[in-house]
Amino acid sequence: MSGRSADDDDRSGTVVTPSAEFPPLDPAEVDALRRVGAQWRTGVPPALPVDPTLDRYRSRPAPGRFSRLAPIALFRPEPGDRGRRDGLVAAEPANRPDSRLGRRLGRVRRAVLGPPLTSAAVLHERMRKLVALPVLSSDLLSSVAYGPEALLTVLVLAGSGALGLALPLSAGLVLLMVAVGISYRQTIPAYPHGAGSYLVAGDNLGVGAGLTAAAGLMLDYVLTVSVSIAAGLHAITSALPGLTPFAVPLGVLVILLLLAGNLRGVRTAGNIFVLPTYAFVVAVLGLLVVGYLRAAGRGFTPVAPPVVPAAEGLGLLLVLRAFASGAVSMTGIEAVSNAVPAFRPTEWRNARTTLAWMVAMLVVLFAGLTLLIHLAGLVPRPGETLLSQLARVTFPTGPWYAVVQATTALILLLAANTAFNDFPRLLFFMARAGHAPRRFLHLGDRLAFGNGLVALSGTAIVVFVAFGGHTEGLIPLYAVGVFLAFTLSQSGMVVHWRRHREAGWRRRALVNGVGAVLSGLVLLTAAVAKFTEGAWVVVVAVPLLVLLFHRIHRHYHNLHAALALQPPPTGGGPGARPPSVAGGPGPPAAVPEYGPGSVEGEELPQELRHLVVVPVVRLNRASMRALAYAVSLGRPTLAVHLAPEDAEADRFREQWRAWGDHVRLETIVSPYRAVIGPLAHYLAALHAAAPELVLTVVVPAVVLRRPWHRLLHSRTEQRLRRALRALPGVVVTSIPIHVPE
């Protein structure tokens, strides 16, 4: 096997896990944690006035004011090694809202999206090649429905006499398809755990190149949805012209349906793609066979196309525009390299074979349709696609025309779902590196990246409506983002081979170099030739997006530097605080994301019995300040940590022991990944067990200096305050953490 071996470092770049929102401390931070813990002097901690395990009260569960359910029954013990008890596990009802409106909306949500799934339900389906082929090729193969037409639509501007150039241009596109396909075949064994252009370019060419590729991919995915939906509806309206006035609202409805399906948890490997893709391939192959038989009957003599007056002069610029327009038939060619882990063993070998099949089918369909359209003498015309015209000519009677149009529309509409799978994963990887808002790390209750899906759907709807659902208006924007990602990915592979210098690296570098050069030429051609037709939008949007990514990363970096644990000063005595200086460079860390709070009214101190509860997300300067403040009150103190899975809970307990275990810790595993609901219900359970207690919840609050920074945080403290508003005897106090800009 060529390429890198499968190790943990490789897998860390592409593995999606609910714990990504809770990155572990690096060794330097663990060392600082130990040194800070050594300075803590708390004396003998007072006994807790309530049993945090809730075991003592299980014999008398009763509903409280906060919930109709018995609050203690919302949690169960988490068994550890050798039978010991390590913490609690939040049951599914702990995630449910308590207001009447919230419960009604929750029932509607469950009816539409289904019941929540636990973190343990994350499965990596393994596909055999015959299933992976239609699943991963729907976007690529469906593009032949509009790729040849995009090429001819530009050529016909020079009159019907220029249509003869379609054949040499198509031959050039076939060579480009083969070259890029062979290049991606080499990417698969080099990155056997899956890697898109963002990861390959960033790994080999640097952060800037990776972000540029990411910007191109994001635009590509948005346009994939818009173009696929527009082309699918055009196929429908070609057969049913009466639906043409409703094309835009129908397209918006389809996008919303795809959003609902993906929020429900539609998987990339769903069998829903198998039948439509194979049906489309069979229908087009049948169209080609019958069409060429008819052409053979007349000696393959081309039918003279209708006379079309020239709207532009035939020149190099127009030919380049036509070539770049036809190149959109290659969209989706990198899908296999992103999904290598989804194949059955040997993964990289099966993925490479599947990619070879995909490219071969693409070449056959694209070249076959282009040549048959030329032989039939067809030209693009408003209101009906070229594929529809070809099907009418080839099947003048019988149901076969309807079959071709139905399968074409179906695969085009389903091809948009490729972006719904890849766009949220791209944002996940970017957010993990700190270049996108961290809310895109969150897996929803159906184990789908809901925030990324909503962002994609909203942007695609805006683009689709802005262009009136016209495919020809969207095509000029398409090629730039696609080939920008191709160029950077293949250039990164050249650097990869030179860096590792494995056997045959020169040959591999040459292959990827050829793919990079050809992709770069198409990129420049599309950017220059189509600049005035709309490509300028992508040319301007890419650097603006890269600038935005850098600004987001700078904010998270400053936040990490302000909250990073620092060793105490040399010679610091007992109780010395860590210096509040910015830490060194490093990847942005997950931090408590809370907003400013308010102060409740005071009561007579002799009437109060206190329990101070400190929710701890991650052991950093913010949590240390909150714990130090809580302990300084001289009241019984309990720390609570919510983890999405057992592995994160075990890791946090190890970090807690490394710090010194100065405060009693209670861990709660929230397998549905909710934070506010389980925490609020746990506090309600503590209060129900000892109603005379006043619970003081101490949370860090990051003070944001710029209003737009609020979009990068989830404002957890405010959400927790709202959740606890109906529960008496609970005080939420915030410790402000100021982040310098």
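Residues numbered from 1 in each chain as written. Predicted model: local features only at pLDDT ≥ 70, side-chain atom pairs only at ≥ 80, totals over all residues. Heavy atoms only, no water.

(A) Molecular detail of the nonpolar core. In this structure, Leu-155, Val-225, Ile-229, Ile-333, Met-430 and Phe-483 are the most contacted members of the largest nonpolar core, which totals 148 residues. Top element by residues in this core is helix α8 (residues 207-239). It accounts for 17 residues. Ile-229 has contacts with Gly-251, Val-254, Ile-255, Leu-258, Leu-413, Ala-416 and Phe-464, leaving out every residue within four places of it along the chain. Core analysis: the next-biggest nonpolar cluster, separate from the first, contains 35 residues, Leu-33, Leu-559, Ala-639 and Val-739 among them. (Core = buried A, V, L, I, M, F, W, Y, C linked by side-chain atoms within 4.5 Å. Buried < 20%, exposed > 50% of the residue type's maximum accessible area, 1.4 Å probe, protein only. Helix = DSSP H or I, 4+ residues; strand = E, 2+ residues; numbered from the N terminus. Contact = heavy atoms within 4.5 Å.)

(B) Structural detail: the packing of aromatic side chains. What the rule picks out here adds up to 7 aromatic pairs. Between the aromatic rings of Tyr-184 and Phe-486, the centroid separation amounts to 5.8 Å while the plane-to-plane angle is 70°, which identifies the pairing as edge-to-face. Here Tyr-184, found in helix α6 (residues 166-190), pairs with Phe-486, found in helix α18 (residues 471-500); they are 302 residues apart in sequence, far enough to count as distant. Like Phe-486, Tyr-184 is buried. An aromatic cluster of three or more residues is present, and its members are Tyr-184, Phe-483 and Phe-486. Directly above the aromatic system of Trp-497 lies the positively charged group of Arg-508, at a separation of 5.3 Å from the ring centroid. (Phe/Tyr/Trp six-rings, centres within 6.5 Å; stacked < 30°, edge-to-face > 60°. Lys NZ or Arg CZ within 6 Å of the ring centre and 35° of its normal.)

(C) Here's a closer look at the side chain of Ser-137. For Ser-137, the position within the fold is in helix α4 (residues 129-142). The buried category is assigned to Ser-137, whose relative accessible area is 1%.

(D) Geometry of the pattern of salt bridges. For the structure shown, the criterion picks out 8 salt bridges. Where Arg-651 meets Glu-648, a salt bridge forms, and the shortest distance between an N and an O atom there is 2.9 Å. On the criterion of helical spacing, the pair formed by Arg-651 and Glu-648 is a turn pair, its members being 3 residues apart in helix α22 (residues 646-659). Looking at Arg-651, the relative accessible area reads 27%, which means it is partly exposed. Between Asp-650 and Arg-653 there is a salt bridge, and its shortest N-O distance comes to 2.6 Å. (Salt bridge = Lys/Arg side-chain N within 4 Å of Asp/Glu carboxyl O.)

(E) Representation of α8 in the model. Look at α8: 48 Å from first C-alpha to last across 33 residues, which is about the 48 Å you get at 1.5 Å a residue. The buried fraction of α8 amounts to 28 of the 33 residues, a majority that puts the element mostly inside the structure. (Expected span 1.5 Å × (residues − 1).)

(F) Layout of unusual backbone geometry. The omega angle of the peptide bond from Pro-345 to Thr-346 is -10°, so this bond is cis rather than trans. As for its placement among the helices and strands, Thr-346 is situated in the loop between α12 (335-338) and α13 (347-376). For Arg-501, which is not glycine, the phi torsion reads 50° and is therefore positive. Summarising the element assignment, Arg-501 is placed in the loop between α18 and α19 (505-529). Of note in the backbone geometry, Arg-673 takes a positive phi value of approximately 70° without being a glycine. Tracing the backbone shows Arg-673 in the loop between β5 (664-669) and α23 (676-689).

(G) View of the pairing of strand β4 (residues 637-643). Summarising burial for β4: 7 of the 7 residues are buried, a large majority. Burial along β4 is two-sided: the residues Thr-637, Ala-639, His-641 and Ala-643 and Leu-638, Val-640 and Leu-642 are all buried. The handedness of the strand β3 (residues 609-615) to β4 crossover, carried by helix α21 (residues 621-632), is right-handed. Note that β4 and β5 share 6 bridges and pair parallel. Residue pairing across strands places Ala-639 opposite Leu-665, the latter belonging to β5. Viewed along the sheet, the connection from β4 through α22 into β5 turns out right-handed. (Right-handed = clockwise from strand over helix to strand, strands pointing away. Pairing = 2+ DSSP bridges.)

(H) Summary view of the side chain of Thr-525. Inspection of the secondary structure assignment puts Thr-525 in helix α19. Residue Thr-525 is classed as buried on the basis of its relative accessible area of 16%. Filtering out sequence-adjacent residues up to four positions away, Thr-525 remains in contact with Leu-320, Ala-324 and Lys-530.

(I) Inspection of the confidence of the model for the protein at higher detail. On average, residues of the protein score 81 in pLDDT, and 85% of them reach the 70 mark or higher. Every residue in residues 1-11 is under pLDDT 50, and counting partners more than four places away or in other chains gives 22 contacts. Note on residues 572-604: pLDDT is under 50 here. Beyond four places in sequence and across chains, it has 83 contacts. (pLDDT = per-residue confidence, 0-100.)

(J) Highlighting the packing of α8 against helix α17 (residues 450-466). Taken N-terminus to C-terminus, the directions of α8 and α17 make an angle of 55°; their axes are 9 Å apart at the nearest point. By the angle between their axes, α8 is oblique relative to α17. In this structure, the crossing between α8 and α17 has a hand that is right-handed. Between α8 and α17, the residues in contact are Tyr-221, Val-222, Leu-223, Val-225, Ser-226, Ile-229, Ala-230 and Leu-233 and Leu-456, Thr-459, Ala-460, Val-463 and Phe-464, respectively. Across the contact of α8 with α17, the residue classes tally to 11 nonpolar, 2 polar and no charged. (Axes fitted to C-alpha atoms, helices over the stretch in contact; angles between N-to-C directions. Parallel < 35°, antiparallel > 145°, perpendicular 65-115°, else oblique. Left-handed = near helix turned anticlockwise from the far one by under 90°. Nonpolar A, V, L, I, M, F, W, Y, C, P; charged D, E, K, R; others polar.)

(K) Spatial organisation of the packing of helix α5 (residues 147-155) against α13. Two elements in contact, α5 and α13, have axes whose closest approach is 9 Å; the angle formed by their N-to-C orientations is 45°. When the interaxial angle is binned, α5 and α13 end up oblique. Of the two elements, α5 crosses α13, and the hand of that crossing is right-handed. The residues of α13 that touch α5, namely those facing Gly-147, Pro-148 and Leu-152, are Phe-366, Thr-370 and Ile-373. Of the residues assigned to the contact of α5 with α13, the class counts are 4 nonpolar, 2 polar and no charged.

(L) Representation of the environment of Leu-199 within the structure. One can find Leu-199 in helix α7 (residues 197-205). Given a relative accessible area of 21%, Leu-199 falls into the partly exposed group. Along the chain, Leu-199 and Leu-211 lie 12 residues apart, while their C-alpha atoms are 9.2 Å from each other.

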